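Observations on the model geometry
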Amino acid sequence: MSMTDPIADLLTRIRNANSIGRAHVRIPHSKLKQRVCDVLQREGYIKGYRQVASEPGEGIGPQGWIVVDLKYGEDDEKVIENIQRVSRPGRRVYTRAKDMRPVLNGLGIRIISTSRGVLSDREARKQNVGGEVLAEVW
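In this report, the structure presented in the accompanying data block is examined. What you are looking at is a predicted structure, and each value in this text was computed from that prediction instead of being measured.

Analysis parameters
Every chain's residues receive numbers from 1 upward, in the order its sequence appears when written. In keeping with the model being predicted, local features are shown solely for residues with a pLDDT of at least 70 and side-chain atom pairs are shown and tallied solely at 80 or more, while totals for entire chains, interfaces and linings include all residues. To obtain the side-chain values, all non-hydrogen atoms of the structure were included, while hydrogens and water were left out. Three labels apply to residues, based on accessible area from a 1.4 Å probe with only protein chains included: buried if under 20% of the type maximum, exposed if over 50%, partly exposed otherwise in between. Only DSSP runs of H or I reaching four residues or more are called helices, and only runs of E reaching two or more are called strands; each is numbered from the N terminus. Any two strands with at least two DSSP bridges between them are considered paired. Axis lines are fitted through C-alpha atoms, for helices just across the contact stretch, and the angle between N-to-C directions can take any value from 0 to 180 degrees. Throughout, a contact is declared for two residues whenever any of their heavy atoms are within 4.5 Å. What counts as a salt bridge is simple: a side-chain nitrogen of Lys or Arg found within 4 Å of a carboxyl oxygen of Asp or Glu.

Turning next to the pairing of strand E6 (residues 109-114). Walk down a regular strand and you will see the side chains alternate between the two sheet faces. For E6, a buried count of 5 out of 6 residues is recorded, marking the element as mostly surrounded by other parts of the structure. Note that E6 and strand E8 (residues 131-137) share 6 bridges and pair antiparallel. Within E8, the residue paired with Ile112 across the bridge is Val133. In terms of strand pairing, E6 meets strand E7 (residues 117-120) through 4 bridges, oriented antiparallel. If you follow Ile111 over to E7, its bridge partner there is Ser120. If you look at the hairpin formed by E6 and E7, you'll find 2 residues sitting between the two strands.

So, in C-alpha cells, the structure goes:
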C-alpha cells in the first residue's frame, strides 16, 4: 500500500479518532509527522505522543508507530474542532511571514514547514520565516 500524502493521512487519522472520542490514535512514523505532532503538542491541541516499535506482520516496516494521545475538555468537548490539509501534492500552498494572518482571530493555528523546521504560524511570524502551509487546526 503506497501512500501519496502521508500528512493528509496523519490529519485524517487524528480527525477520525477525535470525532469518535478515542483517547489514542496510532499513525505510521515519519520524521515530518513527528514534527507536526510536536507543533500540535506545543500549541495544546494534543496531550502528547510517543514512538512505539512495530511488530513483524503489521505491514508498515521497521519505522514503527507514533501513538498520539488526544486531548478533550472537562465535559469531553473536543479540543480539535477542525483539522484540515491546506497544501496538497497536486497544489502546494506557500506563504511569507508578513502575509500570515491569524486563523479564526488567533483561536486556531496553521502548521507551516519552514527552513527552520515545522512551526506554528505564531512561531513562524515571530521568527519571520515563511514556508509551505501544511495544515490548519482550530
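Once you've had a look at it, read on.
Turning our eyes to something else, we now look at the sheet that holds strand E2 (residues 46-52). Read from one edge of the open sheet, 3 strands run E1-E3-E2, paired in antiparallel fashion. Two strands lie at the open edges of the sheet, namely strand E1 (24-28) and E2, each paired on one side alone. Averaged over all neighbouring strand pairs, the angle between strand axes comes to 25°, with direction disregarded. For E2 and strand E3 (residues 65-70), the ladder comprises 6 bridges, and the chain directions are antiparallel. Looking at the pairing, Gly48 lines up with Asp69 of E3. Lying on the sheet, helix H1 (residues 6-19) is in contact with E1 and E3; it crosses E1 at an angle near 165°. Its contacts with the sheet place helix H2 (residues 31-42) against E1, E2 and E3, and it is angled at close to 155° to E2.

Bringing unusual backbone geometry into the picture now. For Asp76, which is not a glycine, the phi torsion comes out positive at approximately 60°. Note on placement: Asp76 falls in the loop between E3 and strand E4 (83-85). Backbone geometry places Leu104, a non-glycine residue, at a positive phi of 50°. Here Leu104 shows up in the loop between strand E5 (94-95) and E6. Of the residues examined, Leu104 reaches a relative accessible area of 46% and is grouped as partly exposed.

A word on the pattern of salt bridges. Scanning all chains against the criterion turns up 12 salt bridges. Close ionic contact of Glu58 with Arg26 constitutes a salt bridge, the shortest N to O distance being 3.0 Å. Of this pair, Glu58 sits in the loop between E2 and E3 while Arg26 sits in strand E1, and the two are 32 residues apart along the sequence. Glu58 gets classed as partly exposed once you look at its relative accessible area, which sits at 29%.

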